[in-house]
Amino acid sequence: MPQMFKTWQTKSAKDVSLVTLMTFISGVFLWLIYGIYLQSLPIILANAVTLVFNLIILWLKIKYR
């Protein structure tokens, strides 16, 4: 969350690596799928929240390019 707020406030995402962000989002998405497969609510919730925040950061990265 701090990275998301900093990016939003400064309107600059130059400190965020697109490759690293995409890799992280892919991993979180796979963990979310795994949690759904196991029907494990803690895994699903943790990764869903993380995915949403990181998708917002990705959107800000693209928006403030």
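No experiment lies behind these values; they were computed from the predicted model shown. (Residues numbered from 1 in each chain as written. Predicted model: local features only at pLDDT ≥ 70, side-chain atom pairs only at ≥ 80, totals over all residues. Heavy atoms only, no water.)

K.L.:
Is there a simple way to explain the packing of helix α1 (residues 2-10) against helix α3 (residues 41-63) in this structure?
P.N.:
Two numbers describe a pair of packed helices, the interaxial angle and the distance between the axes. With their axes 9 Å apart at the nearest point, α1 and α3 run at an angle of 25° to one another. Viewed along their axes, α1 and α3 adopt a mutual orientation that is roughly parallel. The handedness of the crossing between α1 and α3 comes out as left-handed. Where α1 abuts α3, its residues Gln3, Met4, Thr7 and Trp8 lie against Phe53, Ile56, Ile57 and Leu60. For the contact of α1 with α3, the per-class residue count stands at 6 nonpolar, 2 polar and no charged. (Axes fitted to C-alpha atoms, helices over the stretch in contact; angles between N-to-C directions. Helix = DSSP H or I, 4+ residues; strand = E, 2+ residues; numbered from the N terminus. Parallel < 35°, antiparallel > 145°, perpendicular 65-115°, else oblique. Left-handed = near helix turned anticlockwise from the far one by under 90°. Contact = heavy atoms within 4.5 Å. Nonpolar A, V, L, I, M, F, W, Y, C, P; charged D, E, K, R; others polar.)

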